[in-house]
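Residue-level structural notes
These are the residues of each chain, in order.
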Amino acid sequence: AILYFWVLCGLFFSSPALSYNFSELLESHAVDTYGEFLEVNEERLKRLPAPRVAKEYYADRDAYLRMAMRSSKATRGSGARSKPPPYPVETLYDVFANICADEGEHVSSMRACQDSEDDVSPTIQRNTA
C-alpha cells in the first residue's frame, strides 16, 4: 500500500490524468472481480447473513455526505445505486453487492477527475457582506 501510494504520487506529479487513469483501471478491475465473485457465489452468499458491522455501516451512513461526494454528473441521480443509503443489507450477497457499487462510484470519480468538462469541484460560497 505504501509503494502504491508513492507510485501514484510520482505519477500524479508527472501527469495527473495518467494517475487518475491508472486508479480508474484498478477500480474497474475491482468492480469486475466483485461482479464475478457475486455471479459465481450468488446462491451461497444469499443464504449467509450479513455481518452486524456491515449492516451498521450501510444503514448508518450520512446520506447527505454520500450524495455530496458523487463526483460525476452521470452518477448523480441516475443508476441502480444512485439513491442515498440505506441500501438493503440482509445477506452477505447484499454486502458484496454494496461494495461492488462503491467501487463503481470510485470508477466514476476517477473518470470525472480526467474529464475537464465534468464539474467535480464543489461550489464554494463566500460571505462577502
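These numbers were taken from a predicted model, which means no experiment stands behind them. (Residues numbered from 1 in each chain as written. Predicted model: local features only at pLDDT ≥ 70, side-chain atom pairs only at ≥ 80, totals over all residues. Heavy atoms only, no water.)

1. Details of a nonpolar patch on the surface
A cluster of nonpolar residues, Ile2, Phe5 and Trp6, forms a patch on the protein surface that exposes about 400 Å² of accessible area. Among the structural elements, tryptophan 6 can be located in helix α1 (residues 2-14). (Patch = residues over 30% accessible without salt bridge, like charges linked within 9 Å, V, L, I, M, F, W, Y side chains within 5 Å. Areas by Shrake-Rupley, 256 points an atom, 1.4 Å probe, with all protein chains shown as cover. Salt bridge = Lys/Arg side-chain N within 4 Å of Asp/Glu carboxyl O. Helix = DSSP H or I, 4+ residues; strand = E, 2+ residues; numbered from the N terminus.)

2. Notes on the packing of helix α2 (residues 16-47) against helix α5 (residues 92-114)
Packing of α2 against α5 brings their axes to within 8 Å, and their N-to-C directions diverge by 165°. Viewed along their axes, α2 and α5 adopt a mutual orientation that is roughly antiparallel. You can see that α2 and α5 cross each other, and the crossing is left-handed. (Axes fitted to C-alpha atoms, helices over the stretch in contact; angles between N-to-C directions. Parallel < 35°, antiparallel > 145°, perpendicular 65-115°, else oblique. Left-handed = near helix turned anticlockwise from the far one by under 90°.)

3. Focus: the nonpolar core
Ranked by size, the top nonpolar core spans 11 residues in total: Leu38, Leu45, Ala50, Ala54, Tyr58, Val89, Leu92, Tyr93, Val95, Ala97 and Cys100. Broken down by secondary-structure element, the contributors of at least two residues to this core are α2, α3 (52-59) and α5. With sequence-adjacent residues up to four places away left out, valine 89 is seen in contact with Ala50, Ala54, Lys55, Tyr58, Asp94, Val95 and Asn98. (Core = buried A, V, L, I, M, F, W, Y, C linked by side-chain atoms within 4.5 Å. Buried < 20%, exposed > 50% of the residue type's maximum accessible area, 1.4 Å probe, protein only. Contact = heavy atoms within 4.5 Å.)

4. Observations concerning the environment of lysine 55
Along the chain, lysine 55 falls in helix α3. Here lysine 55 falls in the partly exposed class, since its relative accessible area comes to 33%. Here the alpha-carbon distance between lysine 55 and glutamate 90, two residues 35 residues apart in the chain, equals 7.3 Å. Excluding residues that lie within four positions of it along the chain, lysine 55 makes contacts with Ala50, Val89 and Glu90.

5. Some remarks on the packing of α1 against α2
Look at α1 against α2: their axes get within 5 Å of each other, and the N-to-C directions meet at 140°. As the angle between them shows, α1 and α2 are arranged oblique. Contacts from Tyr4, Leu8, Leu11, Phe12 and Ser14 in α1 reach Pro16, Leu18, Ser19, Tyr20, Phe22, Ser23 and Leu26 in α2. Grouping the amino acids of the contact of α1 with α2 by side-chain chemistry returns 9 nonpolar, 3 polar and no charged. (Nonpolar A, V, L, I, M, F, W, Y, C, P; charged D, E, K, R; others polar.)

6. What to know about the side chain of glutamate 103
Assignment of secondary structure puts glutamate 103 in helix α5. Apart from residues lying up to four places away in sequence, glutamate 103 is in contact with Glu27, Ala30, Val31 and Tyr34.

7. Structural notes on the packing of aromatic side chains
Using the criterion set out here, one finds 6 aromatic pairs in the structure. Considering the side-chain rings of tyrosine 34 and phenylalanine 96, the 6.2 Å spacing of their centres and the 35° angle between planes classify their relative orientation as tilted. In this pair, tyrosine 34 sits in helix α2 while phenylalanine 96 sits in helix α5, placing the two residues 62 residues apart along the sequence. Taking relative accessible area as the criterion, tyrosine 34 reaches 25% and is therefore assigned partly exposed. The structure contains a cluster of three or more aromatic residues connected by ring pairs, namely Phe12, Phe13 and Tyr20. It is lysine 46 that lies over the ring of tyrosine 93; its NZ or CZ is 4.7 Å from the centre. (Phe/Tyr/Trp six-rings, centres within 6.5 Å; stacked < 30°, edge-to-face > 60°. Lys NZ or Arg CZ within 6 Å of the ring centre and 35° of its normal.)

These figures capture arrangement, not role.
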